[in-house]
Amino acid sequence: MSKRSPRKFERRERDFYPTPLAAVSPLIPHLRGVRTFAEPCCGDGKLVRHLESFGLRCVYAGDIASGLDALALTVADCNGADAIITNTPYSRELMHRLIEHFRRITRMTWLLLPADWMHNRQAAPFLPSCTDVVSVGRVRWFEGTKMSSMENFAWYRFDAHHSAGPILHARDSASLSSRVGLCAHCGKPYRPRRSDARFCGDTCRQRAHRNRLVVTSRDVRG
């Protein structure tokens, strides 16, 4: 059984499948530094309520319109939210349009998607800007049933300024310390040891410092 399975359950209009708490809990340890969020595909608001129960604050909540004219595609700034966190419709065309739009308007976007999405050829243009994938496992979408999805799911984090691809995090993994970053001097991908790290090593840090001194010296002489 999956969200898209017509054999067990008829597919719901606009892919309206409220997000269960069990699918949200694995994400929480990876939201360090996130205080506010936007939910542009909120449906009945269940995901908003789950996230707020963990102390986060929703500063924007909206929903999609029917078909490809998604209201979520018109959102401009999400009221300054630290991150977009949402469970998008699973129509690939709409999903991909939403990914493109969200990564343009915020530095951090978390989307709940099928785990095997990343293995699809259509995902290739989006994976370089994906920083992290957090495994969730199978999700029970339908209340009142003991049946879980036939698909595994995962949270995908997108950052428009990232281009080194994702790090995979197993279930119950609580750290993003292995996230890949880009060195501010040489531009090569590396794994920062601190959240505020900007350089891949001492050499690049020293070269960047020397370059700043040269520029400053020229400005003073000029």
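Computed from a prediction, not measured in an experiment: that's the story for all the values here.

**Q** Where do I start with the overall build of the protein in this structure?
**A** Regarding its fold elements, the protein presents four helices and nine strands. The linear arrangement of helices and strands in the protein, starting from the amino end, is α-β-α-β-β-α-β-β-β-β-β-β-α. Looking at the protein as a whole, 47% of its 222 residues are labelled buried. Sequence separation of 24 or more characterises 61% of the internal contacts of the protein that already satisfy a separation of 6 or more. When the accessible surface of the protein is summed, it comes to about 12,200 Å², and 48% of that surface belongs to carbon and sulfur atoms.

**Q** When you look at the nonpolar core in this model, what are you seeing that I'm missing?
**A** Nonpolar side chains in soluble globular proteins generally cluster together in the buried interior. Among the nonpolar cores identified, the biggest contains 50 residues, and L31, I85, W117, W155 and Y156 are the most heavily contacted of them. Among all residues touching Y156, those that are not within four sequence positions of it are T109, W110, L111, L113, P114, A115, D116, W117, M118, C130, D132 and V133.

**Q** Would you mind showing me how to read the side chain of T86 here?
**A** As for its placement among the helices and strands, T86 is situated in strand β3 (residues 83–86). With relative accessibility at 0%, the residue T86 sits in the buried group. A polar contact of 2.7 Å, which involves the side chain of T86, links it to the side chain of E39. When residues no more than four places from it in sequence are discounted, the contact partners of T86 are E39, P40, C41, L47, F102, W110, L111, L112 and W155.

**Q** Explain the pattern of salt bridges here, please?
**A** Any two side chains of opposite charge can pair, on the condition that their charged atoms come close. Applying the stated criterion across every chain, the model contains two salt bridges. Close ionic contact of R107 with D159 constitutes a salt bridge, the shortest N to O distance being 3.0 Å. Taken together, the residues span a long stretch of sequence, with R107 in the loop between α3 (92–105) and β4 (109–114) and D159 in the loop between β6 (152–158) and β7 (167–169) at a distance of 52 residues. Since its relative accessible area comes to 49%, R107 is described here as partly exposed. Judged by relative accessible area, D159 falls into the buried class, the value being 7%. Across the pair D202 and R205 runs a salt bridge, and its minimum N-O distance is 2.4 Å. Separated by three residues within a single helix, D202 and R205 lie in helix α4 (residues 202–221), roughly one turn from each other.

**Q** Sorry if this is basic, but what is going on with the pairing of strand β2 (residues 57–61) here?
**A** Residues in a regular strand project their side chains so that they alternate between the two faces of the sheet. Relative to β2, strand β1 (residues 36–39) runs parallel, the two being bridged by four bridges. Residue pairing across strands places F37 opposite C58, the latter belonging to β2.

**Q** How should I be thinking about helix α2 (residues 46–53) in this particular structure?
**A** What sets the pattern is the α-helix's 3.6 residues per turn: residues three or four places apart point alike. Taken as a whole, α2 has its buried residues at K46, L47, V48, H50 and L51. On its buried face, α2 is in contact with α1 (21–24), β1, β2, β3 and β6. Positioned one or two residues after α2, G55 has a phi angle of 100 degrees, which is positive.

**Q** So what exactly am I meant to see when it comes to the environment of L112 here?
**A** Here L112 shows up in strand β4. Remark: the alpha-carbon pair of L112 and N87, spanning 25 residues in sequence, is separated by 5.0 Å.

**Q** Quick question: what am I supposed to make of the environment of P125 here?
**A** Mapped onto the fold, P125 is located in the loop between β4 and β5 (130–138). Under the relative-accessibility criterion, P125 is labelled exposed at 55%. In sequence terms P125 and H96 are 29 residues apart; their C-alpha atoms lie 9.6 Å from each other.

**Q** Any chance you could explain α3 here in plain terms?
**A** Between its first and last C-alpha, α3 extends 20 Å over 14 residues, near the 20 Å set by a 1.5 Å rise per residue. Contacts made by the buried residues of α3 are with β3, β4 and β6.

What counts as what
- Residues numbered from 1 in each chain as written.
- Predicted model: local features only at pLDDT ≥ 70, side-chain atom pairs only at ≥ 80, totals over all residues.
- Heavy atoms only, no water.
- Helix = DSSP H or I, 4+ residues; strand = E, 2+ residues; numbered from the N terminus.
- Buried < 20%, exposed > 50% of the residue type's maximum accessible area, 1.4 Å probe, protein only.
- Contact = heavy atoms within 4.5 Å.
- Areas by Shrake-Rupley, 256 points an atom, 1.4 Å probe, with all protein chains shown as cover.
- Core = buried A, V, L, I, M, F, W, Y, C linked by side-chain atoms within 4.5 Å.
- Polar contact = N/O pair within 3.5 Å; in protein donor to acceptor, adjacent residues only side chain to side chain.
- Salt bridge = Lys/Arg side-chain N within 4 Å of Asp/Glu carboxyl O.
- Pairing = 2+ DSSP bridges.
- Expected span 1.5 Å × (residues − 1).

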